[in-house]
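Structural characterization, general
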Amino acid sequence: MRYALTLVLAAAGLAACASKPAAAPVAAAAPAPGASPEVKVTESYFGRTKAAVATLTPSATSGVTGIVTFSGGSTTVDVHVLASGLQPGSIHAFHVHENGNCASADFLGAGDHFNPTHKPHGAQDQPHHAGDMPSLLADPAGKIDARFTLEGVTLGGTDGFVGHAVILHAAADNYEAQPSGNAGARIACGVIAAQ
Ligand SMILES: [Cu+2]
Ligand SMILES: [Zn+2]
């Protein structure tokens, strides 16, 4: 049954990155239940999503742009945020939101925080949405260059980040106010796409 579940997750991941036909033959090589023990069956064997990127586009008035790159482990995601156009020394909430939709100028189409496990909004060391992330500090040039690791999340699969949106907010996250930390306007948005 473990193999069957893994295959379902792999199929979902493949559907999310249909532009990579080279991955298809890997999924087709499903092991029989009695597969020989020397065949190592790992997540990467089934094409686990290891990298993704989101290009941050500005809201109607923010002028903030950037790029966010993601590197996925089996239960962790490393995030690297590059952004510019911010007020020097300002602090900004940063989240993964539910809908991969940055179409409206206010980015409200991205919906609420990504929260597949139905947790409250919070800091990393407290119960928190899967989409909750550290707030980001702009340097004296109004730029962000930040790296952090998120625990207990993945890029691919039904509860993974790919296909959702990252949003940078005008204000810092207080990690208490529900459901979104009183983070203010949405000033940049990008849809997370598998690489
Ligand atoms: Cu947000
Ligand atoms: Zn949240």
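Scroll up to find the structure.
All figures in this text were calculated on a predicted structure; none of them were measured in a lab. (Residues numbered from 1 in each chain as written. Chains lettered and ligands numbered in written order. Predicted model: local features only at pLDDT ≥ 70, side-chain atom pairs only at ≥ 80, totals over all residues.)

**Some words on the environment of F148**
If you trace the backbone, F148 turns up in strand β7 (residues 144-151). For the pair F148 and D78, spaced 70 residues apart in sequence, the C-alpha separation works out to 5.9 Å. Those residues within four positions of F148 in sequence are excluded, and the remaining contacts are V79 and P134. (Helix = DSSP H or I, 4+ residues; strand = E, 2+ residues; numbered from the N terminus. Contact = placed C-beta atoms within 7 Å.)

**Quick notes on unusual backbone geometry**
Here the bond from Q178 into P179 is cis, since omega is 5°, no more than 30 degrees from zero. Examined against the element boundaries, P179 turns out to sit in the loop between β8 (165-169) and β9 (186-191). If you check the backbone angles, F107 has positive phi at about 60° while not being a glycine. Note on placement: F107 falls in the loop between β5 (94-97) and β6 (136-137). Given 27 C-beta atoms within 10 Å, F107 falls into the buried group. Of note, Y175 is a non-glycine position whose phi angle comes to about 60°, a positive value. Given 20 C-beta atoms within 10 Å, Y175 falls into the buried group. (Buried ≥ 20, exposed ≤ 12 C-beta atoms within 10 Å, placed from the backbone.)

**Considering the nonpolar core**
Counting 39 residues, the largest nonpolar core has F161 and I192 as the members making the most contacts within it. For this core, the secondary structure elements donating two or more residues are β1 (51-58), β2 (65-72), β3 (76-84), β5, β7, β8 and β9. (Core = buried A, V, L, I, M, F, W, Y, C linked by C-beta atoms within 7 Å.)

**As for the environment of F107**
On a C-alpha basis, the gap between F107 and I167 in space is 8.2 Å, while along the polypeptide they are 60 residues apart. If we skip the residues at most four places from it in the chain, F107 touches S59, C102, I167, R186 and C189.

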